[in-house]
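If you want the building blocks of each chain, they are given just below.
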Amino acid sequence: MTELAPIAVILLARGGVYSAAASDLAQLAERVHEALAAQGSAPTRVQPAFADRLHPSLPEALDACAAARTVVIVPVMSPDEPPLRRWLHKLVMRWRAGRADGPRLVFADPLLQTPQLPEMLACTVRRSLALPDVAAVTGEDAWERDPVGWSSVPEHRHHVLWCMGPRCAAKGAVQQWPQLAQTVRETPALKKRVMLLQTSCQHPCNHGPLMIVYPEGVWYGPLAEADMGRVLTQHVLHGLVDEALRVHGPKALP
Ligand code: FES
């Protein structure tokens, strides 16, 4: 049998808007730990990580696993797109640069290429045949219609787009989001004017963490936690563009 210990495992997923993504991955990490232990190869750690939208990021997960001799990174995401995979490899190489005594780093195959997956799904299909029909959604939010509120556009004058794509996430955008959301929530004048949205990659990743304010179309970055509330407030409430952090768009607002 291949000698596995001492190893650490990183389960790498794509993040989501809801907290279930984090709790599901944490539970899967526990089960993988148990499965490896049952096979006599208990890892030092099975660490969840996210390529975007949630944290810990991959570099943070690698920091947590740095004491292991080998770190196996298992992508549990689909699609496992080649451009993203290539960049993740670059991210790992940057983390390893300068760590002469760092662990060996291995990327596992894409999830959908797991050899046993078709058999596992076949078992799931067979088990599902014994399950009851889909339960009807009843009550105030019954299955026949969606909430009336989904027909109205919330009051706003500005769309503010905050990038949670992989490169911005690796630079701290995920950790900064709660502070930005709190600033808007707790500043009545901002709350009335701003519709704050998370986005995937907007392209100029080297300038991340990136914020774009419409309708003026001013792109700002890289935004440190200490700057983002001030830049947003200046723009939305006082009509001022922070020239030092402007990446693209008008230098002055009408
Ligand atoms: S990941 Fe944010 S601009 Fe690409």
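**Observations concerning helix α6 (residues 173-186)**
Taking 1.5 Å of rise per residue, 14 residues should cover 20 Å, and α6 covers 20 Å from first to last C-alpha, within 8% of that figure. By the burial criterion, the buried members of α6 are Ala173, Val174, Gln176, Trp177, Leu180, Ala181, Thr183 and Val184. Burial along α6 is one-sided: seen end-on, the buried residues are contained in an arc of 155°. What points out from α6, more than 90 degrees from its buried face, is the exposed set Arg185 and Glu186. Of the surrounding secondary structure, the elements contacted by the buried residues of α6 are β5 (158-163), α5 (166-170), α7 (188-193), β6 (194-199), β7 (211-214) and α8 (225-238).

**Let's talk about the sheet that holds β5**
Strand pairing in a sheet takes place through backbone hydrogen bonds and is either antiparallel or parallel in direction. The sheet built from five strands is open, its strands ordered β6-β5-β7-β8-β9 with mixed pairing. Only two strands of the sheet have a single partner each, and these edge strands are β6 and β9 (246-248). When the angles between neighbouring strand axes are averaged without regard to direction, this sheet yields 30°. Bridging between β5 and β6 involves six bridges; their strand directions are parallel. Paired with His158 across the strands is Val194, a residue of β6. Running at roughly 170° to β6, α6 makes contact with β5, β6 and β7 of the sheet. Running over the sheet, α8 touches β5, β6, β7 and β8 (218-220) and is turned about 15° from β7.

**Notes on the nonpolar core**
If you look at the biggest cluster of nonpolar residues, it comprises 31 residues, and the most contacted ones within it are Trp162, Leu196, Met211, Tyr220, Leu223 and Leu232. Contributing elements (two or more residues each) for this core: β5, α5, α6, β6, β7, β8 and α8. Per-element tally for this core: the top contributor is α6, with six residues. Formed by 21 residues, the second largest nonpolar core is a distinct cluster that contains Ala61, Leu84, Leu91 and Leu105.

**Digging into the domain arrangement of the protein**
Structurally, the protein comprises domain 1 (7-120) and domain 2 (151-248). The straight-line distance from the C-alpha centre of domain 1 to that of domain 2 is 29 Å. Listed as interface residues are ten residues of domain 1 and, on the opposing side, eleven residues of domain 2. Both faces considered, domain 1 and domain 2 share a buried interface measuring about 900 Å² in area, 61% of it formed by carbon and sulfur atoms.

**Digging into the sheet that holds strand β4 (residues 104-107)**
One open sheet holds the four strands; their spatial order is β2-β1-β3-β4, and the pairing between them is parallel. With one partner strand each, in any of the chains shown, β2 (45-50) and β4 form the two edges of the open sheet. Averaged over neighbouring strand pairs, the angle between their axes works out to 20° when direction is ignored. In the sheet, strand β1 (residues 7-13) pairs with strand β3 (residues 70-75) via six bridges, with the strands oriented parallel.

Rules behind the numbers
Residue indices begin from 1 for each chain and proceed along its sequence in written order. A pLDDT threshold of at least 70 governs which residues receive local features in this predicted model, and a stricter bar of 80 or more applies before side-chain atom pairs are shown or counted, although totals over entire chains, interfaces and linings include all residues. Hydrogens and water are ignored here; the side-chain numbers use all heavy atoms of the structure. Counting from the N terminus, the helices are the DSSP runs of H or I reaching at least four residues and the strands are the DSSP runs of E reaching at least two. By definition here, a helix of n residues has an expected span of 1.5 Å times n minus one. Accessible area is worked out with a 1.4 Å probe on protein chains only. A residue is then buried under 20% of its type maximum, exposed over 50%, and partly exposed in between. The arc under discussion is defined with respect to the helix axis, by the directions toward the C-beta atoms. Between two residues, a contact is recorded if the distance between any of their heavy atoms is within 4.5 Å. The pairing criterion for strands is at least two bridges between them, as found by DSSP. Only C-alpha atoms enter the line fits that serve as axes; for helices the fit covers just the stretch in contact. Angles between N-to-C directions range over 0 to 180 degrees. Here the nonpolar core consists of buried residues drawn from Ala, Val, Leu, Ile, Met, Phe, Trp, Tyr and Cys, with membership extended through side-chain atoms lying within 4.5 Å. These domain boundaries are the output of an automatic or database domain assignment. We define buried area as the total accessible area lost by two parts upon association, computed with a 1.4 Å probe and summed across both.

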